[in-house]
Structure formats: C-alpha cells, structure tokens
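# Examining the three-dimensional arrangement
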Amino acid sequence: MKKYGKKYVEASKNVDKNTLYSVTDAVKLVKTTSTTKFDSTIDVAIKLNIDPKKSDQQLKGSLSLPNGTGKTKKVLVIAKGEFAEEAKKAGADYVGDKDMLDKIKTENWFDFDVVVATPDMMPEVGKIGNILGPRNLMPNPKTGTVTPKVGAVVADIKKGMVTYKNDKFGNVHTVIGKVSFDEAKLAENLSYVVSTISKAKPNSVKGVFVENITISTTMGPGIKVDKNSFDI
C-alpha cells in the first residue's frame, strides 16, 4: 500500500473524494492543496472512453492555453535558411540543423524542452529518433512541431502551447497553470483544455467520450471535477 507524507495527508483532509466539484470550486480548492514550497504546477487528467490499442482512437495534439502555463519553455528549432531566420526572430532559444543534431548525439545535450523542425529536416532528425523519442522530444506533425510555419509555432510555444497524448489507460494528462495563477485564469485554462480534448473525439468512439476529470497540484491530492460544469 502506498504511503503518503504528512503534508499530503493534511491536504487530502480538505478534499471529499466522493464529491464532484464545479470548475469554480475545484480551482479554488486545488490552490489550497499544494504541499510544496515552490510554485507547484497544476495538472489535469482526463479519462476518456477510448481503446488505446486501436490506432484510430489514439489522441495526440497540441493546444495553446489562453493564460499560458506559467513556465517559459526553451525551444530548439531544426531548420535552414529563411526558416532558421524566422525561428530566430520569433524567439527560439536554439536554431540550427545538422550541427544541433550532432551536438545532441555526441554531447548528450538536452538544454531545451521542445524541438520544432521543418519537414525537409525530418530525415536528419529521424536519425536520432532513438534518442529523442524516449524523452518525448521527437517533433510530430500531429502536435504541430513539424511545420514550415516555425515562427508561428515558436511564438505559440512561448505563449503557452502544450502537447497532449493519451496513455495506455486512455487518460490524457496536461498542464493548466501554476498555483500562483488566479482562479479565473486557471478556470479558463481548464475549460479550454477540456473543450479542446472533447472536440478531438475520434469518429470510431460511440457514446460518452469524456468519462471523468481530475485536477491536482504537484504531489497534491486529486480533485474530481464535475464534467457537467463544462460546455461539452
């Protein structure tokens, strides 16, 4: 049986596990359940009615939170020529082509959070797919990180773009902000995530798509959110 720390146990006393909280009440409560000294991240877990083993029911994509994530991500762009210049102007932290890929391969360099690549560079990026893939850093068209519009994507990432994909249990996890965010911004981010995921329902899925929604802080207890609080 999993053992929890004293702070977690104390925070859990404020949460009724049998209650489905409204969006307003849930975000208000989650801010009080942080057990860390730092500004904790707040995550949402959405349980979906999908069969993760079926390729046509896999969810993978990206979205830009209305109020950002509270964290500025470092972006590496793999591109040449005009695309590279566009990425630099948009604020990419690192821009290059084979030189950057070689640096990753030979120096085990990972001072970045997201990799964006132009389509023409993907054959080269693919050569280190065995390195990027396990770290969830491989660019993918479904998440918008393989694109000729590198400037726009870099700008979106800097403003708060996050990627999502279902796990083997049919859950989607992503960030909705920080404990320091005010309640209105957290509620807006949460509602946007749930709405976006809801609209991504695969055609092969019948009946209810979103089964349940839970939010929590880093190392904090889960808070169940009433899905009827959302316009889905």
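Attention here is on the structure that accompanies the text. Worth saying up front: this structure is predicted, and the values here are computed from it rather than measured.

Once that is clear, we can look at helix H2 (residues 23-30). For H2, the full list of buried residues reads Val23, Ala26, Val27, Leu29 and Val30. One face of H2 carries all of its buried residues, which in axial projection span an arc of 160°. Turned more than 90 degrees from where H2 packs its buried face, Thr24 and Lys28 sit exposed. Contact partners of the buried residues in H2: strand S1 (41-48), helix H8 (183-199), strand S8 (210-217) and strand S9 (223-225).

Let us look at the packing of aromatic side chains. Applying the stated rule across the entire model yields 3 aromatic pairs. Measuring from centroid to centroid gives 4.9 Å for Tyr94 and Trp109, while their planes differ by 85°, and the two rings are edge-to-face. Separated by 15 residues along the polypeptide, Tyr94 in strand S4 (residues 94-96) and Trp109 in the loop between helix H4 (98-107) and strand S5 (114-117) bring together distant segments of the chain. Ring-pair connections join several aromatic residues into one group, and the members of that group are Tyr94, Trp109, Phe110 and Phe112.

Here we take up the pattern of salt bridges. Applying the stated criterion across every chain yields a total of 8 salt bridges. Between Lys74 and Asp111 there is a salt bridge, and its shortest N-O distance comes to 3.0 Å. Of the two residues, Lys74 sits in the loop between strand S2 (60-64) and strand S3 (75-78) while Asp111 sits in the loop between H4 and S5, which places them 37 residues apart along the sequence. What makes Asp111 partly exposed here is its relative accessible area of 30%.

Conventions used here
- Residues numbered from 1 in each chain as written.
- Predicted model: local features only at pLDDT ≥ 70, side-chain atom pairs only at ≥ 80, totals over all residues.
- Heavy atoms only, no water.
- Buried < 20%, exposed > 50% of the residue type's maximum accessible area, 1.4 Å probe, protein only.
- Helix = DSSP H or I, 4+ residues; strand = E, 2+ residues; numbered from the N terminus.
- Arc of directions from axis to C-beta.
- Contact = heavy atoms within 4.5 Å.
- Phe/Tyr/Trp six-rings, centres within 6.5 Å; stacked < 30°, edge-to-face > 60°.
- Salt bridge = Lys/Arg side-chain N within 4 Å of Asp/Glu carboxyl O.

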